[in-house]
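# Structural features, examined
This is what each chain is made of:
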Amino acid sequence: MEHITTPKVEQVKLLDRFSSRATAGTLYLTATHLLFIESNTAASEETWILHHHIAVVEKLSLTTSGCPLVIHCRNFRVVHFVIPRERDCHDIYSSLLLLRRPASYDDLYAFSYNPKQSEQQRAGGWQLIDLASEYERMGVPCDHWQLTDVNRNYKVCDTYPRDLFVPVSASKPIIVGSSKFRSKGRFPVLSYFYQEKKAAVCRCSQPLSGFSARCLEDEHMLQAISKANHNSRFMYVMDTRPKLNALANRAAGKGYENEDNYSNIRFQFVGIENIHVMRASLQKLLEVIGTKSLSMTDYFSGLESSGWLRHIKAVLDAAVILAKAVTVEGASVLVHCSDGWDRTAQVCSLGALLMDPFYRTIKGLMVLIEKDWISFGHKFADRCDQLDGDPKEVSPVFTQFLECVWQLTEQFPQAFQYNEWFLIQIHEHVHSCQFGNFLGNCQREREELRLKDKTYSLWQFLLNDQENYVNPVYQPGFSETHPVLEPSTLPFSFKFWRNMYHQFDRSMHPRQSVLKQVLSLKASNRDLEKAARALEAKLQKQGVFLSIAVDSKSKDPVHPVRPKSLILSAPLNCKEDEQKLSVCDRVRTVEGSSSAENGYNEEEEEPASFTKPEPTLVSLERGVARMTC
Amino acid sequence: MAATMEAVSGPFIYADVLDYKNLQELVINNRITWLVHYSALLSAIGEANVALARRVNITDLCIQRPRTIYGVSKVHAELIGETDRWRLSCVNKDFSVCPTYPTAVIVPRSIEDETLKKAAKFRQGGRFPVLSYYHRNNGMVIMRSSQPLVGAHRRRCKEDELLLQAVLGGSDLGYIVDTRSAQLAKQATLIGGGSESKSYYINWKRLHRNLERGKVLQESLIKLVEACNDQSNNMDRWLSKLENSKWLSHVNSALITAGLVAECVEREGRSVLVHGSEGTDTTLLVTSLARLILDPECRTISGFQALIDREWIQAGHPFQLRSAHSAFSHARLRHEAPVFLLFLDCCWQLSRQFPLSLQFSEALLTRLSQEVYASNFGTFLCNNDKERPRRKGTQTSTRKSHFLKTNSLWAWINRPCELGRYTNPLYECNSLAIWPSVNPQSLQLWQGMLSVCLNGKPCTVW
């Protein structure tokens, strides 16, 4: 609270990023949110911006209409306020700078967020995802894989979880020896077990091989992994880095496995770029798509030069190679990159998603993220910039994972139980710091923070809202015919994820949402069925039996039920409500569409005489023009 | 269930369309020469009695025959109820005024046929301004024509000016949307064409929007197909080839121009005349898209068929010349141009942005994109109505008699067993204009159109 000097500013204008629309309202600064409430009396919309979501705050130079404040958020919202007085603007600006990145974990929103749940509910939320039972589901421990307690106290590797699965034949000295030869002590452990072929997906970090060093224990370790799978005489070692990067690492005493030293391995580079390249790429992408009145040509050349889709393709390509090696060849694969917590997490989790239909369900994706990302120590705190840390550690690695999943949902619409809003919600909360799941960099840190006692779990929150995240065209039977997904990774199969990167830009979106429509149809269907049942029960009480109506409903529950008797006998106000609803719906779905927003007329001649904006708009437009000059 | 007579003035008589005897009497007693069938059964009654619906409803009979003047007369019939400013003119009944127009066109009532004939001489190919769309909300119209033959000597034509003045009625401003850039329009004067001069058409304001046509468009499609067939599996290469093909830029500018025209009509409350040079390609693209944006009726399956029938087939889009060869061939034919394909792509973009507002599904668009190049049906044959014979027996040329043997695609599609496939299950009537977003991020590549050459599976769900 001590950072807030000006909690409320009136007569602030919010400018739309792409059209010339502006709305006036009041800006409030609270301990957790920046809040803008439109002063328009009829439908005063509210814009809530969580402090932790703010990536960049910019104060632009003063204009006649006020002082512009531009805020870029991690969830890709960009807001442009114009604050009448410069002093207010400066107060808000400096407060936000302090508020957006707290110095310690205790100041994060998750520790003050209170959804009014009992302790029991909170604990229940944390017990929702149980990795032990997940490994059991995969089929381990078995006669070749066992649970090791070597990392019980985080002694061997402090960024790994306590419970790890290793080959039965890998003894403790071998594990410890191997971990000493791996960067950050991240020795090879099981990530996913493909039961059908007894093939394993393992993960680790790069070996400290330099130019010639070798380690017998590490060689034994790989040997043990290879031997644990009788289906294949060899195993793959997948280095997810470009070869050049791996070579450069050798000079620093790190590097990659020498095929001569390890028996029966096949070594392969797959060429995913590092976190710095990814950060720059997203930066470039956001710059391009944030351009006002972007031309088609600039859009495509910007998309190309940002390289974003190229990187997405590289990640998915690697996952496809992994899935093929495991499911088709039945070979075990060891995946690593430099430290084994970024690219390795991407490739292992996407590979598992391709191989196992369970991860294509709502619960399954939670488990997958909990396992490959949270427990194996993807550095969420650093990558998502939760605390005031090193900006060079920030990188959209997890965002890329979510985008890859989305690209897959576009190719296989009926294979996924969740829809894109589920992915977007997860992305939102990875950065919101509202829930404890993603705080910190590794399990040890999370335990020290006592997150399970002090914060709530996101998964419970998402499950409570589950119906909004269900993909209406999901076919559970699809997984039986297609247990392994074989996506096309040809360039034209990749699309720009507009709903993610333009989530808050209303003018960009399809003007009507199929998803919303189907969901509301389903909801109204449920209500109608409920009403029908209630009415039938009433009738039965009166001693009247309507057998025909009952039959027609139970036969065909998918179609909106529309029995004549129901509508006629329903209470009058019920009917009115329905009509109201549909009217609202229509207004809502089409409201986003207005010709003024689209600017068909932007390129030529006098636009002022043509589009006839409201007087306030005109002055604002001029204000903006001057500001940019 | 009442038949409406075309009545300029004079007695109104109510008649039951099913009562043939009474109807016959009426016609004879009143010496009626024009009978416009303008009735339809309410769908609820129609469903209950299909046979009756088929007998009464005109759609089944008319648009299923490619040789009817369904579109024009139906629009005129609708107009009768709205306004008396427009009339159906048969000045072109023997195709002498304009070989590429249908026999009947809609023009301002105050303009005589003689004036039309003179105005036609001032327009390339005789395509004088005719009504394309009447916007019911405010009585404004979209007209279309070809370029005026201004030439280097800056010729003028009083009749043409009169015609356009009559279009405006009492209004003091209309917009002329030229689908060429100002520079191209100027260049056209050197070869006899040009655009309406400000001093002669004082109440009209010209807007230029450059839409590519002809060879450029064909080249663009060829490049797009090439990009899709690229084997290198390289993202950067794909994006740069996609950009280089410019196909989506053409989609973008077509939507922008159509949006502009619709904006003039709906928001500005002005009438618009659209033309390019010949008035058979980009002009039709723009007017039909603008209609789709404005008119909820065009977004139904039958309305969309009628739109294509009227705005493309009867309006004289030279399908035979434009789609002679497959779009996916490398042959550079002189008149080949995928204008209609571009139209379908724009429709698809609209269907993406308004998935609930169009009654037809992507399957119909994909089907049409194939039918227009290779078809079992006669719907897209020939270049204009003149080439399409009207009655059996009167024609001698073999090509024309072949045409008579063909069937209508619409009739095939409208069979109940087929129709389901082309229907959007989520459709609900939306009476508002649908303004498409024209941001590059809002447009997508229509894989369905290219499914022939793409090895991947096109997305089947919405």
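About the criteria used
Residues numbered from 1 in each chain as written. Chains lettered and ligands numbered in written order. Predicted model: local features only at pLDDT ≥ 70, side-chain atom pairs only at ≥ 80, totals over all residues. Heavy atoms only, no water. UniProt positions renumbered as here; feature names shortened; annotations may be inferred. Helix = DSSP H or I, 4+ residues; strand = E, 2+ residues; numbered from the N terminus. Contact = heavy atoms within 4.5 Å. Areas by Shrake-Rupley, 256 points an atom, 1.4 Å probe, with all protein chains shown as cover. Buried < 20%, exposed > 50% of the residue type's maximum accessible area, 1.4 Å probe, protein only. Polar contact = N/O pair within 3.5 Å; in protein donor to acceptor, adjacent residues only side chain to side chain. Pairing = 2+ DSSP bridges. Axes fitted to C-alpha atoms, helices over the stretch in contact; angles between N-to-C directions. Expected span 1.5 Å × (residues − 1). Phe/Tyr/Trp six-rings, centres within 6.5 Å; stacked < 30°, edge-to-face > 60°. Core = buried A, V, L, I, M, F, W, Y, C linked by side-chain atoms within 4.5 Å. Left-handed = near helix turned anticlockwise from the far one by under 90°. Nonpolar A, V, L, I, M, F, W, Y, C, P; charged D, E, K, R; others polar. pLDDT = per-residue confidence, 0-100. Salt bridge = Lys/Arg side-chain N within 4 Å of Asp/Glu carboxyl O.

Labelled according to an unreviewed UniProt entry, chain B appears under the name Myotubularin-related protein 9, originating from Acipenser ruthenus. The heading Sequence similarities (unreviewed entry) in the UniProt record of chain B holds the text "Belongs to the protein-tyrosine phosphatase family. Non-receptor class myotubularin subfamily."

Each helix and strand counted, chain B has 20 helices and 7 strands in total. Long-range contacts, defined as pairs at least 24 residues apart, comprise 74% of the intrachain contacts of chain B with a sequence gap of at least 6. For chain B, the accessible surface area stands at approximately 19,300 Å², while carbon and sulfur atoms represent 52% of it.

Residues and elements named next belong to chain B. Relative to the elements of secondary structure, Thr300 occurs in the loop between helix 12 (282-294) and helix 13 (301-314). On the basis of relative accessibility, which here comes to 17%, the residue Thr300 falls in the buried class. Polar side-chain contacts of Thr300 include one of 2.8 Å to the backbone oxygen of Glu297. Here the side chain of Thr300 touches Gly303 through a polar contact of 2.9 Å, landing on its backbone nitrogen. Ignoring anything within four residues of it in the chain, the contact list for Thr300 reads Gln359, Phe360 and Tyr427.

Sheet strands line up and pair through hydrogen bonds in the backbone, either parallel or antiparallel. Residues and elements named next belong to chain A. Read across the sheet, 5 strands follow the order 10-11-14-12-13 without closing on themselves; strand pairing throughout is mixed. Both outer strands of the open sheet, strand 10 (189-194) and strand 13 (265-269), are each paired with one neighbouring strand and no more. Mean inter-strand twist for the sheet, computed between neighbouring axes without regard to direction, equals 20 degrees. With 5 bridges connecting them, strand 12 (residues 235-239) and strand 13 associate as parallel partners. In the sheet register, Val237 faces strand 13, and the bridge partner there is Phe267. Against the sheet, helix 9 (residues 308-327) touches strand 10, strand 11 (199-204), strand 12, strand 13 and strand 14 (333-336), its axis set at about 160 degrees to strand 14. Contacts between helix 10 (residues 343-355) and the sheet are confined to strand 10, strand 11, strand 12 and strand 14, with strand 11 contributing the most and set at about 160 degrees to the helix.

Between its first and last C-alpha atoms helix 13 (residues 397-411) of chain A spans 22 Å; for 15 residues at 1.5 Å apiece the expected length is 21 Å, and the two agree. Across the 15 residues that make up helix 13 of chain A, a large majority, 13, are buried.

Residues and elements named next belong to chain A. Taken together, 7 strands build an open sheet; the order of strands is 4-3-2-1-7-6-5 and the sheet is antiparallel. For this open sheet the edge positions go to strand 4 (46-50) and strand 5 (54-59), each flanked by a neighbour on one side alone. Recorded for the sheet is a direction-independent mean angle of 30 degrees between the axes of neighbouring strands. Taken together, the 5 bridges between strand 2 (residues 22-29) and strand 3 (residues 33-38) define a ladder with antiparallel strand orientation. In the sheet register, Gly25 faces strand 3, and the bridge partner there is Glu38.

Residues and elements named next belong to chain A. Across the 6 residues of strand 7 (residues 78-83), 5 count as buried, placing the element largely inside the fold. Of the pairings in the sheet, the one linking strand 1 (residues 8-15) to strand 7 comprises 3 bridges and is antiparallel in character. Each residue of the ladder has a partner; that of Leu15, found in strand 7, is His80. For strand 6 (residues 67-73) and strand 7, the ladder comprises 6 bridges, and the chain directions are antiparallel. Paired with Pro68 across the strands is Val82, a residue of strand 7. In sequence, strand 6 turns back onto strand 7 through a hairpin of 4 residues, with Phe76 there showing a positive phi of about 70 degrees.

Attention shifts here to the packing of aromatic side chains. The description of an aromatic ring pair rests on the distance of the ring centres and on the angle between the ring planes. Residue and element names in this part refer to chain A. This structure, assessed with the given rule, holds 44 aromatic pairs over all chains. Taking 5.6 Å as the distance between ring centres and 80 degrees as the angle between the ring planes, the aromatic pair formed by Tyr160 and Phe187 counts as edge-to-face. On the criterion of sequence distance, the pair formed by Tyr160 in the loop between strand 8 (145-148) and strand 9 (164-167) and Phe187 in the loop between helix 4 (172-180) and strand 10 is long-range, its members being 27 residues apart. Grouping residues by exposure puts Tyr160 and Phe187 together as buried. Ring plane angle 65 degrees and centroid distance 4.9 Å describe the contact between Phe380 and Phe438, whose orientation is recorded as edge-to-face.

Another aspect to go through is the nonpolar core. If you look at the biggest cluster of nonpolar residues, it comprises 214 residues, and the most contacted ones within it are Ile426 of chain A together with Phe304 and Phe343 of chain B. In terms of residues, this core owes the most to one element, helix 9 of chain A, which gives 13 residues. If near-sequence neighbours (up to four positions away) are discounted, Phe304 of chain B is found in contact with Leu292, Cys298, Phe343, Cys347, Phe360, Leu364, Leu365 and Leu368 of chain B. Ranked by size, the runner-up nonpolar core spans 22 residues in total, among them Ile54, Val57, Cys73 and Val79 of chain A.

All names here are of chain A. Closest axis-to-axis distance for the helix 11 (residues 362-375)/helix 14 (residues 420-432) pair is 12 Å, and the angle between their directions is 30 degrees. The way helix 11 lies across helix 14 gives a crossing that is right-handed. Here helix 11 contributes Ile362, Leu365, Met366 and Ile369 to the contact with helix 14, which in turn contributes Phe422, Leu423 and Ile426. Across the contact of helix 11 with helix 14, the residue classes break down as 7 nonpolar, no polar and no charged.

Residues and elements named next belong to chain B. Chain-level statistics for chain B give a pLDDT mean of 80 and a share of 78% at 70 or above. The low-confidence segment residues 38-48, where pLDDT is below 50, has 17 contacts with residues more than four positions distant or belonging to other chains. Across residues 391-395, where pLDDT falls below 50, the model places 4 contacts with residues more than four positions away in sequence or in other chains.

All names here are of chain A. Under the criterion given, the structure shown has 49 salt bridges over all chains. Asp339 is paired through a salt bridge with Lys184; the nearest N and O atoms lie 3.5 Å apart. On the criterion of sequence distance, the pair formed by Asp339 in the loop between strand 14 and helix 10 and Lys184 in the loop between helix 4 and strand 10 is long-range, its members being 155 residues apart. Exposure remark for Asp339: the relative accessible area of 19% places this residue in the buried category. Ionic contacts of the salt-bridge type, sharing partners, join the residues Asp342, Lys379, Asp382, Arg383 and Glu393 into one network.

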